[in-house]
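Below are the chains, spelled out letter by letter.
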Amino acid sequence: MPDKTYNIRMHGIDIIEKHLFKISIQEADLFKFELKTQSIVNETESLIVTFVIVEIRKESTNELAAKILAGFGFFIKDISSSLERGEDRKYIIPSEFENVLKTISISTMRGLMFSEFRGTPLHGAILPIIRGDSLVPINESIIELAK
């Protein structure tokens, strides 16, 4: 089966939530990252919105240092002919295509985090490179997880 092409463009980026927690951070501290992502179709706007939430923890103590949630909008031309619908009439995002959108969103989140944390003790907490196809699907709404 030939690869399907999609006519998409980046539509927007929104930081939905950002928290920096007051903990002691030294220059030599290492960090670990918990990343969750979810894509949702907004049919009325012809958008796929990919949400990415990242929690940064101090590796030595597991203390939560920061949490950031952002949404990345992708306009998809002719959404009704580009995506198929499931039995529930909701659009289905093919996994290969969703992995591309998630990879773009995660890479963009890396830049956002670098910009947002510049001048803070988290300046050196750079999100590692993560393959979109290595992410585990979540059942909960990512917006609910952020609360």
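Relevant structure appears above.
Here's a quick rundown of the structure. (Residues numbered from 1 in each chain as written. Predicted model: local features only at pLDDT ≥ 70, side-chain atom pairs only at ≥ 80, totals over all residues. Heavy atoms only, no water.)

## Points about the pairing of strand β3 (residues 47–58)
Within a regular strand, the side chains alternate between the two sheet faces. By the criterion of burial, β3 is predominantly enclosed, with 11 of the 12 residues buried. As paired strands, strand β2 (residues 31–42) and β3 are joined by 12 bridges and run antiparallel to one another. Across the sheet, the residue bridging to N42 is L47, located in β3. The sheet contact formed by β3 and strand β4 (residues 64–76) spans 11 bridges and is antiparallel. Note on β4: the bridge partner recorded for E55 is K67. Once β3 ends, the chain turns through five residues before running back antiparallel as β4, passing N62 with a positive phi of about 65 degrees. (Buried < 20%, exposed > 50% of the residue type's maximum accessible area, 1.4 Å probe, protein only. Helix = DSSP H or I, 4+ residues; strand = E, 2+ residues; numbered from the N terminus. Pairing = 2+ DSSP bridges.)

## Concerning a nonpolar patch on the surface
A cluster of nonpolar side chains, M10, I13, V100 and I104, forms an exposed patch at the surface whose accessible area comes to about 300 Å². Relative accessible area serves as the criterion here: at 43%, V100 is assigned to the partly exposed category. (Patch = residues over 30% accessible without salt bridge, like charges linked within 9 Å, V, L, I, M, F, W, Y side chains within 5 Å. Areas by Shrake-Rupley, 256 points an atom, 1.4 Å probe, with all protein chains shown as cover. Salt bridge = Lys/Arg side-chain N within 4 Å of Asp/Glu carboxyl O.)

## Some details on the packing of aromatic side chains
Throughout the structure, instances matching the rule amount to one aromatic pair. Taken together, a centroid distance of 3.8 Å and an interplanar angle of 15 degrees make the contact between Y6 and F97 stacked. Taken together, the positions of Y6 in the segment before β1 (8–20) and F97 in helix α2 (residues 95–117) put the pair 91 residues apart, joining distant regions of the chain. In this structure, R9 packs its charged tip against the face of F75, placed 4.6 Å from the ring centre. R85 extends its terminal NZ or CZ atom over the ring of Y91, reaching a point 4.1 Å from the ring centre. (Phe/Tyr/Trp six-rings, centres within 6.5 Å; stacked < 30°, edge-to-face > 60°. Lys NZ or Arg CZ within 6 Å of the ring centre and 35° of its normal.)

## What about the nonpolar core?
Counting residues in hydrophobic clusters, the biggest one holds 30 residues, and the most contacted among them are V54, I56, M109, M113 and L122. Elements represented by at least two residues in this core include exactly β2, β3, β4 and α2. Here V54 is in contact with F33, E34, L35, A66, K67, I68, M109, M113 and L127, once residues within four sequence places are set aside. Grouped together as the second largest cluster of nonpolar side chains are six residues, L47, V49, F51 and I142 included. (Core = buried A, V, L, I, M, F, W, Y, C linked by side-chain atoms within 4.5 Å. Contact = heavy atoms within 4.5 Å.)

## Focus: the environment of E63
Relative to the helices and strands, E63 is located in the loop between β3 and β4. As for E63 and F21, which are separated by 42 residues in sequence, their C-alpha atoms are 9.1 Å apart.

## Considering the side chain of T50
As for its position among the elements, T50 is in strand β3. A relative accessible area of 0% means that T50 is categorised as buried. Within polar-contact distance, the side chain of T50 engages the side chain of S39 at 2.9 Å. Sequence-distant contacts of T50, defined by excluding residues within four places in its chain, comprise T37, Q38, S39, A70, G71, F72, F74, L101, K102 and S105. (Polar contact = N/O pair within 3.5 Å; in protein donor to acceptor, adjacent residues only side chain to side chain.)

## Some words on the side chain of D29
Within the secondary structure layout, D29 lies in the loop between β1 and β2. A polar contact of 2.6 Å, which involves the side chain of D29, links it to the backbone nitrogen of Q26. Excluding anything up to four places from it in sequence, D29 contacts S24 and K58.

## Examining unusual backbone geometry
The backbone phi angle of D78 is positive, close to 55 degrees, even though this residue is not glycine. Structurally, D78 is set in the loop between β4 and α1 (79–82). Judged by its relative accessible area of 49%, D78 is partly exposed. Non-glycine residue R89 carries a positive phi angle of around 75 degrees. Relative to the elements of secondary structure, R89 occurs in the loop between β5 (84–85) and β6 (91–92).

Read these as geometric descriptors, not functional statements.
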